[in-house]
Amino acid sequence: MKKKINWAPAFFVGPHVILFAVFILLPTIYGIYASFTKWNLMSDPVWVGFDNYKAILFDGGSTFHTQFFRGLKNTLIFVAMSVPLLIIIPLMVAVALEHKKVKMKSLIQSILYIPGLISISAAALIWLLIFNKQLGITGNLFGSQIAWPANQPYAWIIIIVITLWGGIGGNMIIYRASLSGVAQELYESAELDGAGSIKRFTSITLPSIRFPLIYTFVMTTAGAFNVFGQPLMMTDGGPRQSTHVLMMYIRQLAFGNGESIAGMASAMAVLLGLVILVISALQYYVMNRNAS
Amino acid sequence: MKKKFGVLLATVLTLSTVLAGCGGKDDSKTITFWTPLTGDDGAYMDQIVKNYNATNPEIKVKHVITADMYTKISTVLASSKGVPDLAIIHADRVPGFVKQGVLESMQDTVLPAQPELKAENYLPQAWNTGNIDGTQYTVPLDIHSNVMYYNKDLLKKYNAESFLDDNVVTIDEMLSLQGKLDEGDYVVNDALLGWVILAQIQDLGGDIQVDGKPAVNTPVFKQAFENVKKIADAGLMTPFGEDGYLMFQSQNVLFSTDGTWSSTAHAGVEGLNFGVTNVYSPTPDKFTNRSSSHLFAMLKNDKRTDEKEVGIANFLEYVRTNSMEWAKAGQNVASNVVNQSPEYKDYMQSFFTSDEKEIESLYIYTYEYYPYIAEAVDTYCADIVRGNVDIDETLATMQKFVEDKIAESSSAAK
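An account of the accompanying structure is given in this report. (Residues numbered from 1 in each chain as written. Chains lettered and ligands numbered in written order. Predicted model: local features only at pLDDT ≥ 70, side-chain atom pairs only at ≥ 80, totals over all residues. Heavy atoms only, no water.)

### So, the packing of aromatic side chains
Residue and element names in this part refer to chain A. One pass over the structure, following the stated rule, counts 31 aromatic pairs over all chains. Ring centres of Y30 and Y33 lie 5.5 Å apart, and the angle between their planes is 55°; this geometry places the pair in the tilted category. One end of the pair, Y30, and the other, Y33, are both in helix α1 (residues 8-34), three residues apart, so they sit about a helical turn from each other. Residue Y33 is classed as partly exposed on the basis of its relative accessible area, which comes to 33%. A centroid spacing of 5.3 Å and a plane angle of 50° characterise the contact between F36 and Y53, whose relative ring orientation is tilted. Here Y53 lies in helix α2 (residues 51-58) and F36 lies in the loop between α1 and β1 (37-38), a separation of 17 residues in the sequence. In textbook terms, an aromatic cluster arises when at least three aromatic residues are bridged by ring pairs, as seen for Y30, Y33, F36, W39, W47, F50 and Y53. (Phe/Tyr/Trp six-rings, centres within 6.5 Å; stacked < 30°, edge-to-face > 60°. Helix = DSSP H or I, 4+ residues; strand = E, 2+ residues; numbered from the N terminus. Buried < 20%, exposed > 50% of the residue type's maximum accessible area, 1.4 Å probe, protein only.)

### So, the pattern of salt bridges
Residue and element names in this part refer to chain B. Scanning all chains against the criterion turns up 16 salt bridges over all chains. For K99, the salt bridge is made with E368, and the minimal N-O distance between the two is 2.9 Å. Placement of the pair is K99 in helix α4 (residues 94-99) and E368 in the loop between β18 (362-364) and α17 (370-385), with a sequence separation of 269 residues. For K99, a relative accessible area of 46% puts it in the partly exposed group. Here K405 ties to E375 by a salt bridge, and the two come within 2.9 Å at their closest N and O atoms. Of this pair, K405 sits in helix α18 (residues 391-413) while E375 sits in helix α17, and the two are 30 residues apart along the sequence. (Salt bridge = Lys/Arg side-chain N within 4 Å of Asp/Glu carboxyl O.)

### Section: unusual backbone geometry
P153 of chain A follows Q152 of chain A through a cis peptide bond whose omega is 10°. For P153 of chain A, the location among the structural elements is in the loop between α6 (137-140) and α7 (154-179). Cis rather than trans, the peptide bond between G238 of chain A and P239 of chain A has omega equal to -10°. Structurally, P239 of chain A can be placed in the loop between α11 (229-234) and α12 (246-255). At R240 of chain A, a position not held by glycine, the phi torsion is positive, near 50°. Residue D68 of chain B is not a glycine yet carries a positive backbone phi of 60°. Within the fold, D68 of chain B resides in the loop between β2 (60-65) and α3 (69-79).

### A closer look at the pairing of strand β13 (residues 253-256) of chain B
All names here are of chain B. With two bridges joining them, strand β9 (residues 148-151) and β13 adopt antiparallel strand pairing. In the sheet register, Y150 faces β13, and the bridge partner there is F255. The pairing of strand β10 (residues 186-188) with β13 spans two bridges and is classified as parallel. In the sheet register, V188 faces β13, and the bridge partner there is F255. (Pairing = 2+ DSSP bridges.)

### Points about the sheet that holds β10 of chain B
Residues and elements named next belong to chain B. The four strands are arranged β10-β13-β9-β14 in an open sheet whose pairing can be described as mixed. The outermost strands of the open sheet, each flanked by one partner alone, are β10 and β14 (274-277). Averaged over all pairs of adjacent strands, the angle between their axes in this sheet comes to 20°, without regard to strand direction. (Axes fitted to C-alpha atoms, helices over the stretch in contact; angles between N-to-C directions.)

### Brief notes about the environment of G237 of chain A
Residues and elements named next belong to chain A. If you trace the backbone, G237 turns up in the loop between α11 and α12. Residue classification places G237 among the buried residues on the basis of a relative accessible area of 1%. Measuring from C-alpha to C-alpha, the distance between G237 and M172 comes to 29 Å, with 65 residues separating the pair along the chain. Setting aside residues no more than four positions away along its own chain, G237 makes contact with P231, S242, T243, H244 and M248. (Contact = heavy atoms within 4.5 Å.)

### Observations concerning the packing of helix α9 (residues 193-203) of chain B against α17 of chain B
All names here are of chain B. α17 packs onto α9 with a crossing angle of 105° between their chain directions and a minimal axis gap of 8 Å. Judged by the angle between their axes, α9 and α17 are roughly perpendicular. In this structure, α9 contributes L193, G194, I197 and L198 to the contact, and α17 contributes Y370, V377, D378, C381, A382 and V385. (Parallel < 35°, antiparallel > 145°, perpendicular 65-115°, else oblique.)

### Regarding the sheet that holds strand β8 (residues 142-145) of chain B
All names here are of chain B. Ordered by their spatial adjacency, four strands build an open sheet running β17-β8-β15-β18, and the pairing between neighbours is mixed. The sheet is open, and its two edges are formed by β17 (332-333) and β18, each paired on a single side. The sheet contact formed by strand β15 (residues 289-292) and β18 spans three bridges and is parallel. Bridge pairing in β18 links R290 to Y363. The sheet contacts of α9 involve β8, β15 and β18, and relative to β15 the element is tilted by about 115°.

Here's what the structure looks like:
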């Protein structure tokens, strides 16, 4: 008897696989190929082997070396500042919203989530006006005389503020969904055993949402490495290029003011991808081992 | 199950065919025209195109405002699919595009179809910027410049109206206001500071290249930065990090060095009593308003027919004689028919075409690697002018920055 093939799953999965292959997989493979070439987008790529990588990684006098390591350093600063806050604040908010005494949970959740739907350009314009010394709330209402985008650490502060404003909602939703699945009996038993709220949080809540925590930590970190819009719009990389992150340099090289230097940009992008890959793997390994 | 799947598949295929049909309109009677005009100016260009199409031309124009146009140009040229018939590009793109062989000459195609599309009928530098080695690649739409707006009320308040007597506000005149301004008021903002620096290079008789090689780490560049730095050092420039453009509109700044295109936005500010003049200069004898130009250009496209090229010529001739609409966007219209007409005098920017000296002041850099130099200047100028970095060291860095990028892009183009 001929075996009947069920095509229905393929019909549903197929479009996604095709879109993934066309818009993610193939460009990634082509990007890796381009990183071994000199290419200006207009003419055919010229194979140069590891020249781009050598210039970026080892040629201390090269502009590309300077830009890559400056951009990477600035990106790491952003990651180190933003990721803990993007994990801890949403977790605290989600836990607080689980409390019985908190009213209008859906409204609070919506209020916190909506900023994430606003485009980064619009959000940046709003926050730039808020932080404007002459015209904004900080200057007029609070009397602040700080030129925020032009001085450190204030430039980083406004970038982090806008990142948190737009970013905490997403992780909070994930945590809330996970927290709702934690068995209430565990809390009740712990309470009977005399466990305080901190003990209950560390011994029941955190282990119960281990996988969502690992997921959000890894994904938030990877996302933070790709930061682009906030520093571009808020500080344009300044002051003194201290907020000029790697993605800004990559984009500038690929599609910047002059002729494109897409080969070099691709090499930087591949290196950034490798950094993200290594850090994500480390995070997963360490967190999973500790959780086990 | 099999039947259901068949019905589903048939539905999808039918819908795909219908949707494909929507996009399959015959485009041989349409000139696809890309512009990067994502601001208010896009609406003015839309109107010009609409007016042209209302004349019932044989081939109509479809205006497509394309955000991030240069990226998309790279993509369509690489694939040779979806290349627009006509595009507006900026003056500083022409040498690079010609070198890469992606621009179609207009010399033997479009220009013969409309004899009035010729140098004599346009502002000279706007026309010349599209001429590479004797071949005309573009027809100009405008010149848009870095200029200097002034607040009439503040000039009166600080008794500085005489600064405008010879239409050149000098750096020394600005410095004379040191210690005379109320707290929170400033002489000039830092809008388009990089463009201001590039204007100073011309004022000092210098250039950005010598024998085709970039010349950034030079005494002229140093002098230009030092001249502008004097204003910042005296506390007369709006504070770094503040929006100097908005501060001019909020009437705390005497002079704003932004673009011709800003006049419409400034005019919308209630109570702002302003005029326009040349960007400040170290000397009254020479002044420069660093400029660029929007140019009509044809990217290489084998599918563009001769018939369409004639259609493009007709459209460009229409724009030449009917582009007063473009003046509303605050730009200096390149067509002499328009910029010499009495109606044009109603527009503030007509100041810059009012005499030969003013026209000469609209300087467009045409050095092949100008974009890299502009990028270097934009990246470092604020920190140099504010004294955050050592000027000699930074000029050396800028020189290396430009040379490295040229080396990389040149070898890619070979």
